[in-house]
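Per-entry structural report
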Amino acid sequence: MASYDDRDGQIWMDGKLIDWRDANVHILTHAMHYASSVFEGERAYNGKIFKSREHSERLRRSAEMIDFEIPYSVDEIEAAKAEVMKASGLSDAYVRAVAWRGAGEDMGVASARNPVRMAIAAWEWGAYYGDSKFKGAKLDISKWKRPSPETIPSHAKAAGLYMICTMSKHAAEAKGCADAMMFDYRGYVAEATGANIFFVKDGEVHTPTPDCFLNGITRQTVIGMLKDRQIQVHERHIMPEELESFEQCWLTGTAAEVTPVGQIGDYNFEVGALTRDVAESYEKLVRL
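Below, the structure is looked at part by part. (Residues numbered from 1 in each chain as written. Predicted model: local features only at pLDDT ≥ 70, side-chain atom pairs only at ≥ 80, totals over all residues. Heavy atoms only, no water.)

Counted under the stated rule, the structure contains one cavity of 30 Å³ or more. If you trace the largest cavity, you find it lined by Arg43, Tyr45, Phe50, His55, Ile217, Thr218, Thr254 and Tyr282. Every element with two or more residues in the lining of the largest cavity is listed here: strand E3 (37-45) and helix H6 (217-228). Tallied by class, the residues present in the lining of the largest cavity amount to four nonpolar, three polar and one charged. (1 Å grid on protein atoms, 1.4 Å probe; cavity = no way out; pocket = protein on both sides within 12 Å on 5 of 7 lines; lining within 4 Å. Points joined across faces, edges and corners; volume = space filled by probe spheres on them. Helix = DSSP H or I, 4+ residues; strand = E, 2+ residues; numbered from the N terminus. Nonpolar A, V, L, I, M, F, W, Y, C, P; charged D, E, K, R; others polar.)

Bridge count for strand E11 (residues 204-208) against strand E12 (residues 233-236) is four bridges, and the pairing is parallel. When the sheet's bridge partners are listed, His206 is paired in E12 with His234. For the crossover from E11 across H6 to E12, the handedness is right-handed. (Pairing = 2+ DSSP bridges. Right-handed = clockwise from strand over helix to strand, strands pointing away.)

Here we take up helix H2 (residues 52-65). Residues lying three or four places apart along an α-helix face the same way, a consequence of the helix completing one turn every 3.6 residues. For H2, which comprises 14 residues, the first-to-last C-alpha distance of 20 Å matches the rise-based estimate of 20 Å (1.5 Å per residue) to within 8%. For H2, every residue scored as buried is listed here: Ser52, His55, Ser56, Arg58, Leu59, Arg60, Ser62 and Ala63. Buried residues belonging to H2 abut E3, strand E4 (48-49), helix H3 (74-88), strand E5 (93-101), strand E6 (116-123) and H6. Just downstream of H2 lies Asp67, where phi reads positive at about 75°. (Expected span 1.5 Å × (residues − 1). Buried < 20%, exposed > 50% of the residue type's maximum accessible area, 1.4 Å probe, protein only. Contact = heavy atoms within 4.5 Å.)

Now for the nonpolar core. In terms of nonpolar packing, the biggest core is built from 25 residues, with Ile70, Met118 and Ile120 touching the most fellow members. For this core, the secondary-structure elements that each account for two or more residues are E3, H2, H3, E5 and E6. Those residues in contact with Ile120 that lie beyond four places of it in its chain are Ile11, Trp12, Ile77, Ala80, Lys81, Val84, Val95, Arg96 and Ala97. Formed by 19 residues, the second largest nonpolar core is a distinct cluster that contains Val189, Phe199, Phe246 and Ala256. (Core = buried A, V, L, I, M, F, W, Y, C linked by side-chain atoms within 4.5 Å.)

This part covers helix H5 (residues 163-174). Between its first and last C-alpha atoms H5 spans 17 Å; for 12 residues at 1.5 Å apiece the expected length is 16 Å, and the two agree. When H5 is considered as a whole, its buried residues turn out to be Ile164, Cys165, Ser168, Lys169 and Ala172. Each buried residue of H5 sits inside an arc of 135° when the element is viewed along its axis, so together they form one side. Across H5 from its buried face, at more than 90 degrees, point the exposed residues Met163, His170 and Ala174. Against strand E7 (137-146) and strand E8 (179-184) lie the buried residues of H5. (Arc of directions from axis to C-beta.)

Shown next, in the form of structure tokens:
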């Protein structure tokens, strides 16, 4: 694939479609220096973006959490995404909506006078973890922890919150792993760098309480699927020493979809029947 800044196609930016290569911002854009940016990752299947409106609503909430207002309503964002999908000519696509404080009169930490800008792009993107969907992803354990909600707006999908995720994933890849699992500031199991995590023990499912990290839309969807099947789901704090007792594990996220995990650090998991069933059922659900 070509570099992301050098492709054919169109990107919706500030209310209109423009040529992909012209979708640029000034070097003194506030978001580039101070991370005043929020985004959504979404997937379209058979031409329809899964949970599209929920993503648009979360985008606006995330912006509010980091103190700016997106100058487009949910309905306008939905219309823009539809325009992008039509222009892309794609049936299955990854869709990225992003909003940020742009260049303006302010170039310090404060940026109230700077305009808020927004863009939406769509492209083809296969399995986030490659062939891990079949054999189970291998995860490192990150040295970085998800911070306390007293220090960051932890439920915003904000660009700055991903800095330690990037660092963790780079360190994991250097060790031959696909990703890293992170603990939270208290030492509980939290999530992977861009995906929520689930475990199976004795036919029941355990997943960390999302009290200091994003309660993912895919996470909520999978919990609903499990409850529909009368499978017990425990949302709770999970201690690191419990990893040894779990039999199966999977990740959830828009990009990750449902990806089995085969190993976290020194702990091994089977890609068992429940994991496979959840992954296959999710694949069917998103294409309904």
